[in-house]
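Per-entry structural report
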Amino acid sequence: MHMFVRAGIVGRPILFQIHINDLPEFCGVDHKIYLYADDAKLYNTITSKEDQLYLQQFINRIKEWCNKWLLKLNISKCKTVSYCMNNMIDTEYFINDGCIDHEINCKNWSFIT
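The written sequence of each chain sets the order in which its residues are numbered from 1. For this predicted model, a pLDDT threshold of at least 70 governs which residues receive local features, and a threshold of 80 or more governs which side-chain atom pairs are given and counted, while totals over whole chains, interfaces and linings are taken from all residues. Calculated side-chain values reflect all of the structure's heavy atoms, with hydrogen atoms and water omitted.

**Things to note about the overall build of the protein**
To qualify as a helix, a DSSP run of H or I must reach at least 4 residues; to qualify as a strand, a run of E must reach at least 2; elements of each kind are numbered from the N terminus. A tally of regular secondary structure across the protein gives three helices and seven strands. Traced from its N-terminal end to its C-terminal end, the protein shows the element sequence α-α-β-β-α-β-β-β-β-β. Relative accessibility decides the category of a residue: with a 1.4 Å probe and only protein chains considered, values under 20% of the type maximum give buried, values over 50% give exposed, and everything between is partly exposed. Across the 113 residues in the protein, those meeting the buried criterion constitute 27%. Contact definition: two residues touch when any of their heavy atoms are within 4.5 Å. Excluding contacts between residues fewer than 6 apart, the proportion of contacts in the protein whose partners are at least 24 apart in sequence is 53%.

**Comments concerning the side chain of Lys63**
Assignment of secondary structure puts Lys63 in helix H3 (residues 49-68). Neither His nor the chain ends contribute to the count of charged residues, in which Lys and Arg are positive and Asp and Glu negative. Here, a salt bridge means any Lys or Arg side-chain nitrogen found within 4 Å of an Asp or Glu carboxyl oxygen. Here Lys63 is buried and forms no salt bridge, its nearest opposite-charge partner Glu64 lying at an N-O distance of 11 Å.

**Some thoughts on the pairing of strand E1 (residues 33-36)**
Along any regular strand, the residues point their side chains to alternate faces of the sheet. Strands qualify as paired when DSSP identifies two bridges or more between them. Pairing between E1 and strand E2 (residues 39-43): four bridges, direction antiparallel. If you follow Tyr34 over to E2, its bridge partner there is Lys41. The loop that links E1 with its antiparallel partner E2 comprises two residues; one of these, Ala37, has a positive phi angle of about 55 degrees.

All quantities given are derived from atomic positions and should not be read as evidence of function.
Structure below.
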């Protein structure tokens, strides 16, 4: 059985909010996530390789949640962006085997590092 909410129906935002409500709990209270409408923003301060691995584990939990609810991530819309004052740490994040694109200037971020 496939679960979906058809685009354009009046109850779509409410049904999606009910559907996505368990995402922060599923990921764990230690993870930083911001939900707005149908977007999820993950964020963390990256100062070491351990911080980078921690954020990758968070991304993996999001993917597990999507699998649980039979949802597909649009990987082409997933981006990373970095803000730094001094030395930037080279980071790469993955969903499945695909590397998430890194954006320097973008209007809507999916993953903030």
